[in-house]
Structure formats: structure tokens, C-alpha cells
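Analysis of the macromolecular model
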Amino acid sequence: MDIDQVRAQLPSATPALMRYARLLTGDEHDAADLVQDTLLRGLQAADQFDERSSLATWLRRLMHNLWVDSARARREDPSD
């Protein structure tokens, strides 16, 4: 699937991503930021989407990985 095909499907995937992001973050603003980061990452990596799963599943996995990375960074951030 090329970037134009991915781009064309993003609007239909966004509401479900927002619901999942709210579940992960517990905050509307953080969820919106996570969705934006996920969509950007999806566009940047569109050439890596191999269609073994649906685009929605692939985007949810990207989102989950971004959220986990963010949580780890916050946990590992040394505080005085």
C-alpha cells in the first residue's frame, strides 16, 4: 500500500484511534496528542505497512508502542 492509499484511509481510522488513545491516557488532550503522533508516524512509515493486518490494527500497534515508549521515558526520567 502506498502513502496515498494510507492517507485516504486515515480519516475513517481516526475515531477508533481517539477512543483507544483516551483509554490509554485517561485524558482528552493527551489522547489528541497521541493520535496526532500516531497519524504522523503512520504516514512516515507507510511504506513499511505490509498489509498482513488491517490498517486500523497497524495504527493501533503504532499507537500502543508510542504510548509505551512515552510511559517508559517518564518513568526513567530522573527527578531530584
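The present account deals with the structure reproduced in this document. Keep in mind the model is a prediction, meaning the values are calculated, not measured.

Definitions and cut-offs
Residues numbered from 1 in each chain as written. Predicted model: local features only at pLDDT ≥ 70, side-chain atom pairs only at ≥ 80, totals over all residues. Heavy atoms only, no water. Helix = DSSP H or I, 4+ residues; strand = E, 2+ residues; numbered from the N terminus. Buried < 20%, exposed > 50% of the residue type's maximum accessible area, 1.4 Å probe, protein only. Core = buried A, V, L, I, M, F, W, Y, C linked by side-chain atoms within 4.5 Å. Salt bridge = Lys/Arg side-chain N within 4 Å of Asp/Glu carboxyl O. Patch = residues over 30% accessible without salt bridge, like charges linked within 9 Å, V, L, I, M, F, W, Y side chains within 5 Å. Areas by Shrake-Rupley, 256 points an atom, 1.4 Å probe, with all protein chains shown as cover. Lys, Arg positive; Asp, Glu negative; His and termini not counted. Charge placed at Lys NZ, Arg CZ, Asp CG, Glu CD.

A word on unusual backbone geometry. A positive phi angle, near 65 degrees, is found at glutamate 51, a position not held by glycine. Inspection of the secondary structure assignment puts glutamate 51 in the loop between α2 (28–44) and α3 (55–76). Relative accessible area serves as the criterion here: at 48%, glutamate 51 is assigned to the partly exposed category.

With that out of the way, let us pick up the nonpolar core. Ranked by size, the top nonpolar core spans 20 residues in total, and within it Val35, Trp58, Leu59 and Met63 carry the most contacts. Counting residues per element, the ones that place at least two in this core are α1 (3–25), α2 and α3. Residue contributions to this core peak at seven residues, all from α1.

Below, the discussion takes up the environment of alanine 16. Along the chain, alanine 16 falls in helix α1. Taking relative accessible area as the criterion, alanine 16 reaches 29% and is therefore assigned partly exposed. Distance in space between the C-alpha atoms of alanine 16 and valine 68 is 19 Å, their sequence separation being 52 residues.

Under the criterion given, the structure shown has three salt bridges. For the salt bridge of aspartate 4 with arginine 7, the shortest nitrogen-to-oxygen distance reads 3.2 Å. One end of the pair, aspartate 4, and the other, arginine 7, are both in helix α1, three residues apart, so they sit about a helical turn from each other. In this structure, glutamate 28 and arginine 22 form a salt bridge, with 2.9 Å as the shortest nitrogen-oxygen distance.

This part is about a negative patch on the surface. A cluster of acidic residues, Asp27, Asp30, Asp33 and Asp37, forms a negative patch at the surface. Within the secondary structure, aspartate 27 sits in the loop between α1 and α2.

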